[in-house]
Structures are given as structure tokens and as C-alpha cells.
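Coordinate analysis (summary)
Take a look at the letters that make up each chain.
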Amino acid sequence: MHRAGRFLVCARFQTRNISLTMSLEKAHTTLVNVERIKYEGTDMLKDPISVADPEAFAIMKNEKLRQRRGLELIASENFTTKAVCDALSSSMTNKYSEGYPGARYYGGNEHIDKMELLCQKRALEVFGLDQELWGVNVQSLSGSPANFAVYTAVVEPNGRIMGLDLPDGGHLSHGFFTPTRKVSATSIFFQSMPYKVCPKTGLIDYDKLEEDAMLFRPKVIVAGMSCYARHLDYQRFRKIADKCGAYLMSDMAHISGLVAAGIVPSPFEFSDIVTTTTHKSLRGPRGALIFYRKGVRSVNAKGEKTMYDLHDRISQAVFPGLQGGPHNHTIAGIAVALRQCITTEFVDYTKQVVANSKALAERLKELGYALATDGTDNHLCLVDLRPLGLDGAKAEHVLDLAHIACNKNTCPGDVSALRPGGIRLGSPALTSRGFKEADFVEVANFIDKAIKILLNFKDQSGKTIKDLKEFTAKSEAFNKEIDKLRDGVEAFTAKFDIPGNDEF
Ligand SMILES: *Cc1c(COP(=O)(O)O)cnc(C)c1O
């Protein structure tokens, strides 16, 4: 059937009145009527991607080139290792294994079971956890689904959660909504109330959290952040959670690599549940871990014990509640990444991450920039551009043109999340390329040069980000300066190797 005819059939399907009488066979022959091409390689099942799909291969090569020649400062990103890349492209991806080790819905899972158990064992080891007291689920596909699984496990539909507000450094999956829209599904299926940072100091307002928590009575309080440069006071969170009868769930997605290395406070001592992504400072594949307590939850005055029932609840929420078959290649990749986390080299890496972040923050301050919370304890800093009359989106765009990758971010006190006042900068990725403190001083200098170019052209480049983009696409004077800066950035990054596969 030609194109118009095919469209007609689709349209009729949508009207639903004749679809029921149309035979399945006919629908089949019409819907798959596409022009075929002849495979151009020698063996579609064995050819490498460069031969099997040159178009996709070219995109991948260009992405690798972009990663190699730019300054990667997105705080949630990292360059994972060759060994993890190998795991991701292994035959582990072929296997269906719905269920958990020893209790699967399919056969042939003896090796898959071993890998999942190895991953669990390493996850507990890396964070120094006793397997009598903690369990871990390694199947969740990424950070947001992991958090959703936890709420599904322990909060009834429409039940209450509290998390750090997104514009204050929290994460979407901690319940984000706006006055007009429930943005995150965590705010659609649960009621969420945010807590905030103090607009002046940029520090979490724990007193207000305590006050609000006693009124709101959440089932879960989330201690976690995507943009907060200071340590969290987990002990204080614990006290508040106990006072209002909530579970404390710590989401250490950004800092889990630093926690694993033991160089920042660990949330485990004070938390009931800990979630993390595995692809940020932990430097593994994209995935997530959910840790939960086992054993005694509390003892009352009569000496009667209440036990945790998180193992069953969380296991069931992940599978079959929210997911089907686990991504076994990812679980293998996480296991490999965790093996690397217990090395002394990884501890050195994370120490360097924090030293580099501090060097970057100090140099930016020296150059006159304002930082939220006036500095950093971890792998990231938040540069407040409002004192310069700039906003984050404009800075992000101009930095991007110079091959410096970062992201616009709201600053404490920003009224609108639509016009964030700053940029978030992180050190994990470049530290994986071997950058040291002195290199991060250079990085700060490059950033400063880009911001100065933006400032120089401020009066000509219009008001909105759209105006600026039109201006930067056209202005020769601007591009002459930014090209020079980009050449400098590329010459600088060319000196550093990059983890993973060399070519793509
Ligand atoms: C990145 C992040 C997540 C979510 O991760 P995705 O894998 O992108 O869904 C969740 N929580 C926090 C605190 C994060 O920083």
C-alpha cells in the first residue's frame, strides 16, 4: 500500500469505529510497508559498528571528540572506565531475568544470579555495611526511578514526602511541582512539601524544616541534593525524622563516590534508606542502587520490637511494581565500578576531586565571583552571576561556544526557576582526565575569559537568551574573540587523556 493509503489506515485506527472489524493480518501488512535497503557490510551479526552502521558510528565518534576537546564541568557527569564500557557492551544485555537471584521467572540465570549477588556484595562492602543490617537492590534503572520505587514502597498513594526544593539545590524526583504544574510524577502520585535554603547564606534552613515537618507529618524526608556545595547534617535530619515519625531517605546521588572513599560524611549511620545513582562521582554506568535497613526499627517502652519490612517492600516496588527485566549489562557495569571504588587509587581520585573543586572555587573568588555558600566542601560549586547583571542561561551559552560545558542553575533566593541566576560547576569528570589543582586554576581563568567576553558584548547582545543566541550566531567581533578562547581551551584539553574506549 502506498503512503497515503497507509496513513488512512492509521487514521481509521484512531477513529476506532472500523478498527475492530479490520483483520489483524491486513493491519500487519499495511503497517510494516516500508522501503527495504540491502545490508552493505559483510555480516550484520558480526560486523563492528563502524561497518554495520556508519551513520550512528559517525555521531558516536563526534560525541567522543566533543568530550575529548571540551572542558566537562557538569557536576553530575563523569567519564566511566574502559572496564565499565566493556561490561556495558557485553552479552549480559541479552538475558531476561525477571525476579531476584534464586527466584527468577526464566531459566538460564545461573551466571546472571552470580553477577547480581556479586554486585550486591560489593555495594555493601564499598559503603562498609553489615549485611545483617542492610540490604541493597541493584536493579533500578536510574536515580529517578529508584526514588520513585522507594516512595512506592513506603508511602501510600497521595501520602506525604518532603525534599529540598529544586530551585534550592534539590532534585526533581524529590517531589518538584510549581504553582501551575505538578512537574515530577513524585508530586503527582504523592503530596510533596519542599524545604528550602536560607536566601542569604545559601545553607539549608533546618529549623524551618523541623517546624514544617511537625505540621505536615511526612512519611518520608529526603536528605539529598543535586546542587549544594556543603555537607548535609544527617544527624539533624535523623532527629527531625524521628520527631515527626518519618523515614529518613538519603539520596547521595552526587556524592556517592566521595562517600564510598570515606572523605565526606556518610548518610548510612542516620538513614533508613539510601539511594544513589551510579554514574556521577561513583564513576560507573548509568544506573542506581537502593540501600535499606533490615532488623529492628524501634523498641517501645514495654520492650516490644518493631522490625523493618523494607526488604520486601522495596524489592516488590522495583520488580514487579515498576519494572520488568533488569538491565544485566548495567548490573555488571555497576559491579565493575564498585570493584574500582575499593581501590586506593579511587580514594586518591576522590580526594583530588575535592581538592580540584576547592581550587576552582578559590580561584573564581579571587577573580571576583560570588559563590553560593561562599565556597565548597565537595565536588561542586555554584557561581552566582546576579551581581554581574548576568544570568545562568546566557553564561551557559557563551561557555558552550568556547567548549566549556556546565549548566545554568538557580541560586538561593532566585524568584523564578525560569531565569536561573548562576552556573553549577563540578570537578569529577575532569579529575578523571588527570586534572590537578593548577589545571583547575586554568579552568577558572578560561571561564573568567568567557564571562568577560559576554560582559563586553552585553549592551549589543540583547535582553533575552534568544537575542543572545541570534547575536552570537552573527557577530563577527564576538566570534573572533570566542574562537580564540575555544582554540585555547582545545589546546589545553589536548594534553589530557580520557578514560573509556579511545575511538567512541
Ligand atoms: C541525578 C540525581 C537523581 C536522578 O538521576 P537520574 O539517573 O538522572 O534519574 C536523583 N537524585 C539526585 C539527588 C540526583 O542528583
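Position numbers for residues count from 1 along each chain, tracking the sequence in the order it is written. Since the coordinates come from a predicted model, pLDDT governs what is reported: local features require at least 70, and pairs of side-chain atoms require 80 or more to be given and counted, while whole-chain, interface and lining totals use all residues. Side-chain descriptors were evaluated using all non-hydrogen atoms of the structure, hydrogens and water having been removed beforehand.

1. Examining the sheet that holds strand β4 (residues 134-137)
The strands making up a sheet associate through hydrogen bonds between their backbones, and the pairing can be parallel or antiparallel. Read across the open sheet, the 7 strands follow the order β4-β10-β9-β8-β7-β5-β6; overall the sheet is mixed. Of all the strands in the sheet, the pair left with one neighbour each is β4 and β6 (191-195). On average, each strand axis in the sheet is tilted by 20 degrees relative to the strand beside it, whichever way the strands run. Here a strand pair is declared whenever DSSP counts at least two bridges between the two strands. Helix and strand definitions here come from DSSP, where helices need a minimum of 4 consecutive H or I residues and strands a minimum of 2 consecutive E residues; each element is numbered from the N-terminal end. In terms of strand pairing, strand β5 (residues 160-164) meets strand β7 (residues 220-224) through 2 bridges, oriented parallel. Directly across from Ile161, in β7, lies its bridge partner Val220. Working rule for contacts: check all heavy atoms of both residues, and any pair within 4.5 Å makes them a contact. With axes taken as lines fitted to C-alpha atoms, and helix axes fitted only over the stretch in contact, angles between N-to-C directions fall between 0 and 180 degrees. Contacts from helix α9 (residues 206-216) reach β5, β6 and β7 within the one sheet, and its direction differs from that of β5 by about 165 degrees.

2. Looking at the UniProt feature "modified residue: N6-(pyridoxal phosphate)lysine" (unreviewed entry) in the protein chain
UniProt tags Lys280 as "modified residue: N6-(pyridoxal phosphate)lysine" (unreviewed entry). Within the secondary structure layout, Lys280 lies in the loop between β9 (273-277) and β10 (288-293). Note on exposure labels: buried denotes an accessible area under 20% of the residue type's maximum, exposed denotes more than 50%, and partly exposed covers the range between, all computed with a 1.4 Å probe on protein chains only. For Lys280, a relative accessible area of 10% corresponds to the buried category. Leave out the neighbours within four places in its chain, and Lys280 touches Ser76, Asn78, Ala253 and His254. UniProt positions are given in the numbering used here, feature names are shortened, and annotations may be inferred rather than shown by experiment.

3. Remarks on the sheet that holds strand β16 (residues 407-409)
Overall, antiparallel pairing links the 4 strands, which are arranged β13-β14-β17-β16 in an open sheet. Both edges of this open sheet fall to β13 (370-371) and β16, since each of them pairs with a single strand only. Bridging between strand β14 (residues 380-384) and strand β17 (residues 422-426) involves 5 bridges; their strand directions are antiparallel. Of the residues in β17, the one forming a bridge with Val383 is Ile423.

4. Topic: the packing of helix α6 (residues 110-126) against helix α13 (residues 328-341)
Following both chains from N to C, one finds α6 and α13 inclined at 35 degrees, their axes separated by 9 Å at the closest point. Considering how the two elements wind past one another, α6 and α13 form a crossing that is left-handed. Contact residues: α6 offers Ile112, Met115, Glu116, Cys119, Arg122, Ala123 and Val126, while α13 offers Asn328, Ile331, Ala332, Ile334, Ala335, Val336, Leu338, Arg339 and Cys341. Of the residues in the contact of α6 with α13, the class split is 12 nonpolar, 1 polar and 3 charged. Helix crossings fall into two classes, left-handed where the near helix is turned counterclockwise from the far one by less than a right angle and right-handed where it is turned clockwise. The residue classification treats Ala, Val, Leu, Ile, Met, Phe, Trp, Tyr, Cys and Pro as nonpolar and Asp, Glu, Lys and Arg as charged. All others, Gly included, are polar.

5. Some remarks on the site of the ligand
Only a single heavy atom is needed: when it lies within 4 Å of a molecule or strand, its residue is near that molecule or strand. Near the ligand you find 15 residues, and of these Ser142, Ser144, Ser226, Asp251 and Lys280 are the closest. Each accessible area value is a Shrake-Rupley result obtained with a 1.4 Å probe; residue values ignore everything except the protein chains displayed when judging cover. Protein contacts shield 87% of the accessible area of the ligand, which totals 380 Å² for the unbound molecule. Sorting elements by how many residues they give to the shell around the ligand places helix α7 (residues 143-154) first, with 3 residues.

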